[in-house]
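A structural walkthrough
Now for the letters of each chain:
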Amino acid sequence: MYDVPANLVGSTARLGWLARLREDLESARQRDPAVRSSVELLLGYPGLHAIWSHRLTHRMWQRPGLMVPARLISLWTRSFTGVEIHPGATIGRRFFIDHGTGVVIGETAEIGDDVMLYHDVTLGGRSLQRVKRHPTIGNGVVIGAGARILGPVKVGDKAQIGANAVVVRDVPDGAVVVGIPGEVLRPRVDPAHSLEAVDPAIWI
């Protein structure tokens, strides 16, 4: 099994579960202008349900005896939310998936803080070996609908990946990537605004 770097393990464990819940709700509220209430977020946002389930299964995945139950819970979560996150993936704080359907995140994927994914995104692998084979996503990255990021590539902090882009090479900090294969279009106008919920489809 791939070993997750020690500095990324349990990045959300430093907060209590209630504080994490509030942080997730506030993050979703900032990123989605359609949100009207916390009740709506709690009950009606499958992207949030998927990440909450993943936090449980990721902790279980660290114990060999709980790996099979972790996989079964993740399978149930996929059926319920349309989001498939392998329990081995490492995900930072304030992660948000808008809509959610069709999202796939592989076992050795590593995702930083303040990352936003739209629907139908794949963080996939290109190797059959038990090595680091999925992407590493930096802090503040936005990944547009239908984008595919494949292999152990690194996406730099505050980059934007355009809708339907296919990324198979490293992406520098603050870059905007579009097309198949993905090409850097130009740097973001203001990379300081990492929480702006700007649809990357505008770059296509």
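Higher on the page you've got the structure.
Here the residue numbers are simple positions, counted from 1 along each chain's written sequence. Local features in this predicted model are restricted to residues of pLDDT 70 or higher, and side-chain atom pairs are both shown and tallied only at a pLDDT of 80 or more, whereas totals for entire chains, interfaces and linings draw on every residue. Think of the side-chain values as coming from all heavy atoms in the structure, minus any hydrogens and water.

Considering the overall build of the protein chain
What counts here: Think of it this way: any DSSP run of H or I at least four residues long counts as a helix, any run of E at least two long counts as a strand, and we number them from the N terminus. Throughout, exposure labels follow a simple rule: accessible area from a 1.4 Å probe, protein chains only, divided by the maximum for the residue type, with under 20% read as buried, over 50% as exposed, and the rest as partly exposed. Residues are treated as being in contact if the distance between any of their heavy atoms lies within 4.5 Å. Here the open area of atoms and residues is found with the Shrake-Rupley method and a 1.4 Å probe, where only the protein chains shown may cover a residue.
Secondary structure summary: the protein chain contains four helices and 15 strands in total. Counting across all 204 residues of the protein chain, residues that qualify as buried make up 48%. Within the protein chain, residue pairs in contact and separated by at least 24 positions form 39% of the contacts whose partners lie at least 6 positions apart. Summed over all atoms, the accessible surface of the protein chain reaches about 9,900 Å², with 58% contributed by carbon and sulfur.

As for the environment of Ala-109
Turning to its location among the elements, Ala-109 is positioned in the loop between strand 4 (104-105) and strand 5 (110-111). Relative accessible area serves as the criterion here: at 1%, Ala-109 is assigned to the buried category. Separated by 26 residues in sequence, Ala-109 and Pro-135 place their C-alpha atoms 5.1 Å apart. Ignoring sequence-local partners within four residues, the contact set of Ala-109 consists of Ala-89, Thr-90, Lys-132, His-134 and Pro-135.

Observations concerning the sheet that holds strand 2 (residues 90-91)
Selection rule: Following DSSP output, two strands are said to pair if at least two bridges run between them.
Spatially, 2-5-8-11 is the arrangement adopted by the four strands of the open sheet, whose pairing is parallel. Looking at which strands have only one partner, the edges of the open sheet turn out to be strand 2 and strand 11 (154-155). Sheet analysis places strand 8 (residues 136-137) next to strand 11, joined by two bridges and oriented parallel. Counted as the bridge partner of Thr-136 is Lys-154 from strand 11.

Quick look at unusual backbone geometry
With glycine set apart, most residues show a phi of negative sign, and most peptide bonds adopt trans. Geometrically, the link from Ile-180 to Pro-181 is a cis peptide bond, its omega value of -5 degrees lying close to zero. Considering the arrangement of structural elements, one finds Pro-181 in the loop between strand 14 (175-178) and strand 15 (183-187). Phi at Arg-94 is positive, roughly 55 degrees, even though this residue is not glycine. Within the secondary structure, Arg-94 is located in the loop between strand 2 and strand 3 (96-97). Exposure remark for Arg-94: the relative accessible area of 22% places this residue in the partly exposed category.

Some words on the pattern of salt bridges
Which entries qualify depends on this criterion: We define a salt bridge as a contact between a side-chain nitrogen of Lys or Arg and a carboxyl oxygen of Asp or Glu at a distance within 4 Å.
By the definition in use, this model includes ten salt bridges. Note that Arg-29 is salt-bridged to Glu-26, the shortest N-O span being 3.9 Å. Within this pair, Arg-29 and its partner Glu-26 are both found in helix 1 (residues 17-31), separated by three residues, close to a single helical turn. We classify Arg-29 as partly exposed; its relative accessible area is 33%. Residue Asp-120 pairs with Arg-148 through a salt bridge whose shortest N-O separation is 3.6 Å. Within this pair, whereas Asp-120 is found in the loop between strand 6 (116-117) and strand 7 (122-124), its partner Arg-148 is found in strand 10 (residues 148-150), the two being separated by 28 residues in sequence. Using a relative accessible area of 27% as the deciding quantity, one classes Arg-148 as partly exposed. Each of Glu-23, Arg-93, Arg-94 and Asp-114 takes part in a single network of salt bridges with overlapping partners.

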